[in-house]
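Tertiary structure, described
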Amino acid sequence: MQTILSNEWQEKLLKRFLKYISFHSTSKPGIDTIPSTERQWNIAKYLYEELKNIGVEDVSIDKNGYVMGNIPSNKDKSIPTVGFIAHYDTSPDFSGENVKPKIWENYDGSDLLLNSETNFILKVSEFPELKNHIGETLITTDGTTLLGSDDKSGVAEIVTAAEYLISHPEIKHGKIAIGFTPDEEVGKGADLFDVKKFNADWAYTMDGGEVGELEFENFNAGVATISIIGKSVHPGSAKGKMINAALLAVEFSNQMPHKETPSTTEGYEGFYHLTHISGSVEKAKLQYIIRDHDFKKYENRKAFMIETAEKLNKKYGEGVFHIEITDQYFNMKKQIENKMFIIDIAEKAMEKAKIKANIKAIRGGTDGARLSYMGLPCPNIFAGGLNFHGPYEFVPLESMIKATEVILNIAESIE
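Below is a short write-up of the structure. (Residues numbered from 1 in each chain as written. Predicted model: local features only at pLDDT ≥ 70, side-chain atom pairs only at ≥ 80, totals over all residues. Heavy atoms only, no water.)

Remarks on the overall build of the protein chain
For clarity, the cut-off: Secondary structure elements are taken from DSSP: a helix is a run of H or I of four residues or more, a strand is a run of E of two residues or more, and numbering for both begins at the N terminus. Only C-alpha atoms enter the radius of gyration, while the globule expectation follows 2.2 Å times N to the 0.38, with N the number of residues. Burial classification: accessible surface area is computed with a 1.4 Å probe over protein chains only, and a residue below 20% of its type maximum counts as buried, one above 50% as exposed, and the rest as partly exposed. The criterion used for residue contact is that any of the two residues' heavy atoms lie within 4.5 Å. Residue exposure ignores everything except the shown protein chains as possible cover, and the areas themselves are Shrake-Rupley values with a 1.4 Å probe.
Within the protein chain, the regular secondary structure consists of 10 helices and 17 strands. Here the C-alpha radius of gyration of the protein chain, 23 Å, is about what a compact globule of 415 residues would show, namely 22 Å. Reported as C-alpha extents along the three principal axes, the dimensions of the protein chain are approximately 85 × 50 × 40 Å. When each of the 415 residues of the protein chain is scored for burial, the buried share is 55%. For the protein chain, the share of sequence-separated contacts (at least 6 apart) that also reach a separation of at least 24 residues comes to 79%. Surface accessibility of the protein chain: about 18600 Å² in total, with carbon and sulfur atoms responsible for 49%.

Encoded structure:
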């Protein structure tokens, strides 16, 4: 693989990534404070000191754990400031504590036994994307935790690129802003991001997956909570009186289109995703996430859920069903489509790195989606990891090297 990064710099990138994933930095949903977990402070403070030590200027860490800094321009003329952003928390979907990475050099394309004690295997038949990385160095879990490549790969790539630029002043570039956020995995990474302080004309989140991913479209997203109030009566005399909230929760769920779930949709297809259900005769609760790239379809999905609750209230009595829907983020395409030069710059940076850009819509969201509506256009670039949020997660070192090279190419290309 040809790259501008020498073996020394590739080793720095690897060691940096391994250091970052040693931090337990899982975020937690449903917490009002940012960061949502005290443990995130450990990596935030480490990054603050590291940025200062490698020569990044104006490094800061605020009371909510947002770390920022910049590399001053070394060009004679005034040019736009570009930013690079990643998040250092990991998903609460699976344990991120005591990560024990395994390194597989010159991967041969076969199944990987990650843990002989539990016989935990990363199988090519289940994850055929492994075949795309034969001959490369893979970093995997040991099958007991997630890896943390989402998004500590992005953090490592940005810091390594920053150190490389500072160490190579012959590479001419404008001012570069750097930002690391907490709580992205629980949808709050952009909540308190100080766009004015960051002071970039636009930015890129390094938070995508496979090499080549370049994304400026994402879901419109919301959360729906349905609370159901039942009526508990002794089952021996319940006829015509009992309202079983748990059964009504099942009835509501059955009203949702069965072919519009995450497991039955792809591409631009939206869905309703039941993420939580609990209940008894007396009360029950359902929680859904609602997703669609098309705003009108997204609004129609919300309306359909409200109509379903109203219909069931007419059937069982007013006030039995209560529904609350909260918007989470919107499709950043609306904020980017008139600034497509931002995408062109990233695409050309990939071409220079001998990468074919794969421009596609995100079936999810990033900090960049929120930031784009806060005045900072912010599409998403690959960071290299795959199978996020679980024990099958892995990242090829070569993909991280390529992502770092793309950052360098973007920085050098801004005029």
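Still more to cover.
Here's the deal with the pairing of strand β3 (residues 82-87)
We apply this condition: The pairing criterion is simple: DSSP has to find at least two bridges between the two strands.
Within β3, six of the six residues are buried, which leaves the element mostly enclosed by the surrounding structure. What you see with β3 is no split at all: V82, F84 and A86 on one side and G83, I85 and H87 on the other are buried throughout. Examined bridge by bridge, β3 and strand β8 (residues 176-181) share six bridges and lie parallel to one another. If you follow A86 over to β8, its bridge partner there is F180. With four bridges joining them, β3 and strand β9 (residues 202-208) adopt parallel strand pairing.

With respect to helix α8 (residues 341-352)
Note the threshold: Here the expected span of a helix is defined as 1.5 Å times the quantity of residues minus one. Throughout, the arc means that of the directions going from the helix axis to the C-beta atoms.
If you check α8, its first and last C-alpha atoms are 16 Å apart, about what 12 residues at 1.5 Å a residue would give, namely 16 Å. Within α8 the residues assigned to the buried category are I342, I343, I345, A346, A349 and M350. Along the axis of α8, the buried residues cluster in a sector spanning 160°; they form a single face. Packing partners of the buried residues in α8 comprise β9, β10 (213-217), α7 (333-336), β15 (358-361), β16 (380-382) and α10 (397-413). Downstream of α8 by a residue or two, K354 has a phi angle that is positive, lying close to 65°.

Comments concerning the sheet that holds strand β12 (residues 271-279)
The test is simple: For helices, the axis comes from a line fit to the C-alpha atoms of the stretch in contact; other axes are also lines fit to C-alpha atoms, and the angle between any two N-to-C directions lies between 0 and 180 degrees.
Strands sit in the order β12-β13-β11-β14 across an open sheet of four strands; the sheet is antiparallel. Since the sheet does not close on itself, it has two edges, and those belong to β12 and β14 (321-329), each with one partner. For this sheet the average axis-to-axis angle between neighbouring strands, irrespective of direction, equals 15°. Bridging between β12 and strand β13 (residues 283-292) involves eight bridges; their strand directions are antiparallel. Looking at β13, one finds that Y272 is bridged to I290. Helix α5 (residues 245-255) contacts β11 (220-229), β12, β13 and β14 of the sheet and is inclined by roughly 15° relative to β13. Helix α6 (residues 295-316) contacts β11, β12, β13 and β14 of the sheet and is inclined by roughly 170° relative to β14.

Things to note about helix α2 (residues 40-54)
Here α2 is 15 residues long and its end C-alpha atoms lie 22 Å apart, about the 21 Å a rise of 1.5 Å per residue gives. Those residues of α2 that fall on the buried side of the exposure criterion are Q40, W41, I43, A44, L47, E50, L51 and I54. Residues of α2 that are buried make contact with α1 (7-21), β1 (57-61), β2 (67-71), α3 (149-167) and β8. A positive backbone phi angle near 105° is found at G55, which sits one or two residues after α2.

So, the pattern of salt bridges
Formally: Any carboxyl oxygen of Asp or Glu within 4 Å of a side-chain nitrogen of Lys or Arg constitutes a salt bridge here.
Applying the stated criterion to the full structure yields 17 salt bridges. Between R301 and E260 there is a salt bridge; the shortest N-O distance is 2.7 Å. Here R301, found in helix α6, pairs with E260, found in the loop between α5 and β12; they are 41 residues apart in sequence, far enough to count as distant. A relative accessible area of 9% means that R301 is categorised as buried. Between D327 and K302 there is a salt bridge; the shortest N-O distance is 2.9 Å. Placement of D327 in strand β14 and of K302 in helix α6 is noted, with a sequence separation of 25 residues between them. Classification of D327 by relative accessible area gives partly exposed; the value is 35%.

Side note on the nonpolar core
As a rule of thumb, nonpolar side chains are buried together in soluble globular proteins. Formally: To qualify as a nonpolar core, a set must consist of buried Ala, Val, Leu, Ile, Met, Phe, Trp, Tyr and Cys residues joined through side-chain atoms within 4.5 Å.
Within the largest apolar cluster, 75 residues are counted, with the highest numbers of intra-cluster contacts made by F84, F180, Y204, I381, V406 and I410. Top element by residues in this core is α10. It accounts for nine residues. Every residue in contact with I381, bar those within four places of it in the chain, is listed here: Y204, T205, M206, D207, G208, E213, L214, A346, M350, V406 and I410. Ranked by size, the runner-up nonpolar core spans 21 residues in total, among them I226, A284, L286 and I290.

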